Amino acid sequence: DTGVSQDPRHKITKRGQNVTFRCDPISEHNRLYWYRQTLGQGPEFLTYFQNEAQLEKSRLLSDRFSAERPKGSFSTLEIQRTEQGDSAMYLCASSLATGTNYEQYFGPGTRLTVT
Amino acid sequence: QKEVEQDPGPLSVPEGAIVSLNCTYSNSAFQYFMWYRQYSRKGPELLMYTYSSGNKEDGRFTAQVDKSSKYISLFIRDSQPSDSATYLCDNAGNMLTFGGGTRLMVKP
């Protein structure tokens, strides 16, 4: 399977714990995006990378969230001191940025439940 | 005001019906429009995109953009139960600003 993969698919954690998610993009894609989606809502942009550089972060992204893409390939998203409001689906997408090409390909998501 | 607005539905139609899904957008800076389909508990998948006004057709799907009224539409002909999903529209450049999605149910 050469699509975007995410791990784990499901995560249940207790409030206050730290969690880390991983995303492996399509291999030739240079851009990687993280989104959060809650029930009944569209995906909400969190941050994106071009190669290893983090180019933009949403103003909605609290300091408890951090993302890395150290070698310009896979990326991790860490949430520290989780809160119940962090419960959501976390989606990763990748794209090949060329000219006006904005097509993004999404992974299956990681569903986080904070109890 | 959200940049992209959609009626959340649900929209329920019988199999074989023509479906019309609509979005309005507020930011004219980005002229690239996309429709994504999302099945329950799955990530969104790109369905269609267009970079102009007018219509773009792909099989049973037609995307229509009206920049003068900031309105984008997706038409599905001969709808099938497998089309039952949430449809997300977007108008953006580097990152995607999604509408909340319209849930479509096609009943056999």
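Refer to the structure printed above.
Residues numbered from 1 in each chain as written. Chains lettered and ligands numbered in written order. Predicted model: local features only at pLDDT ≥ 70, side-chain atom pairs only at ≥ 80, totals over all residues. Heavy atoms only, no water.

## A short note on the sheet that holds strand β7 (residues 65-68) of chain A
Residue and element names in this part refer to chain A.
- Taken together, four strands build an open sheet; the order of strands is β1-β3-β8-β7 and the sheet is antiparallel. One side of each edge strand has no neighbouring strand; the edge strands of this open sheet are β1 (5-7) and β7. Each adjacent strand pair in this sheet contributes to an overall mean axis angle of 15 degrees, direction not counted.
- Where strand β3 (residues 19-24) lies against strand β8 (residues 75-79), five bridges are found, and the strand directions are antiparallel. (Pairing = 2+ DSSP bridges. Helix = DSSP H or I, 4+ residues; strand = E, 2+ residues; numbered from the N terminus. Axes fitted to C-alpha atoms, helices over the stretch in contact; angles between N-to-C directions.)

## Observations regarding the interface of chain B and chain A
- Each partner contributes to the interface: chain B provides 21 residues, whereas chain A provides 22 residues.
- Carbon and sulfur atoms make up 56% of the area that chain B and chain A hide from each other, which totals about 1,700 Å².
- Summed over the shared surface of chain B and chain A, the number is zero salt bridges.
- Our enumeration of links across chain B and chain A arrives at four residue pairs in polar contact (both at pLDDT 80 or more).
- Of all elements in the fold, only β4 (33-38) and β5 (45-50) of chain B reach the threshold of two or more residues within the side of chain B that touches chain A.
- With three residues, the single largest contributor to the side of chain B that touches chain A is β4 of chain B. (Contact = heavy atoms within 4.5 Å. Buried area = accessible area lost by both parts, 1.4 Å probe. Salt bridge = Lys/Arg side-chain N within 4 Å of Asp/Glu carboxyl O. Polar contact = N/O pair within 3.5 Å; in protein donor to acceptor, adjacent residues only side chain to side chain.)

## Details of the side chain of arginine 37 of chain B
Residues and elements named next belong to chain B.
- Tracing the sequence through the fold places arginine 37 in strand β4.
- A polar atom in the side chain of arginine 37 sits 3.5 Å from the side chain of tyrosine 39.
- Residues within four places of arginine 37 in sequence aside, it is in contact with Gly43, Pro44, Glu45, Leu47, Phe61, Asp83, Ala85, Thr86 and Tyr87.

## A few points about the packing of aromatic side chains
Residue and element names in this part refer to chain A.
- Evaluated as defined, the whole model comprises nine aromatic pairs over all chains.
- With a centroid separation of 6.0 Å and 70 degrees between ring planes, the pair formed by tyrosine 35 and phenylalanine 45 is classed as edge-to-face. You can see tyrosine 35 sitting in strand β4 (residues 31-37) and its partner phenylalanine 45 sitting in strand β5 (residues 44-50), a full ten residues away along the chain.
- Here phenylalanine 45 falls in the buried class, since its relative accessible area comes to 11%.
- For the ring pair phenylalanine 65 and tyrosine 90, a centre distance of 6.4 Å and an interplane angle of 35 degrees mean the geometry is tilted. (Phe/Tyr/Trp six-rings, centres within 6.5 Å; stacked < 30°, edge-to-face > 60°. Buried < 20%, exposed > 50% of the residue type's maximum accessible area, 1.4 Å probe, protein only.)

## Some remarks on the pairing of β5 of chain B
All names here are of chain B.
- Pairing of β4 with β5 involves five bridges; the strand directions are antiparallel. Within β5, the residue paired with tyrosine 36 across the bridge is leucine 46.
- Between the antiparallel neighbours β4 and β5 lie six residues, among them arginine 41 with a positive phi of about 65 degrees.

## So, the environment of leucine 39 of chain A
- Within the element layout of this structure, leucine 39 of chain A appears in the loop between β4 and β5.
- Through-space distance from the C-alpha of leucine 39 of chain A to that of methionine 89 of chain A is 8.4 Å; in sequence the pair is 50 residues apart.

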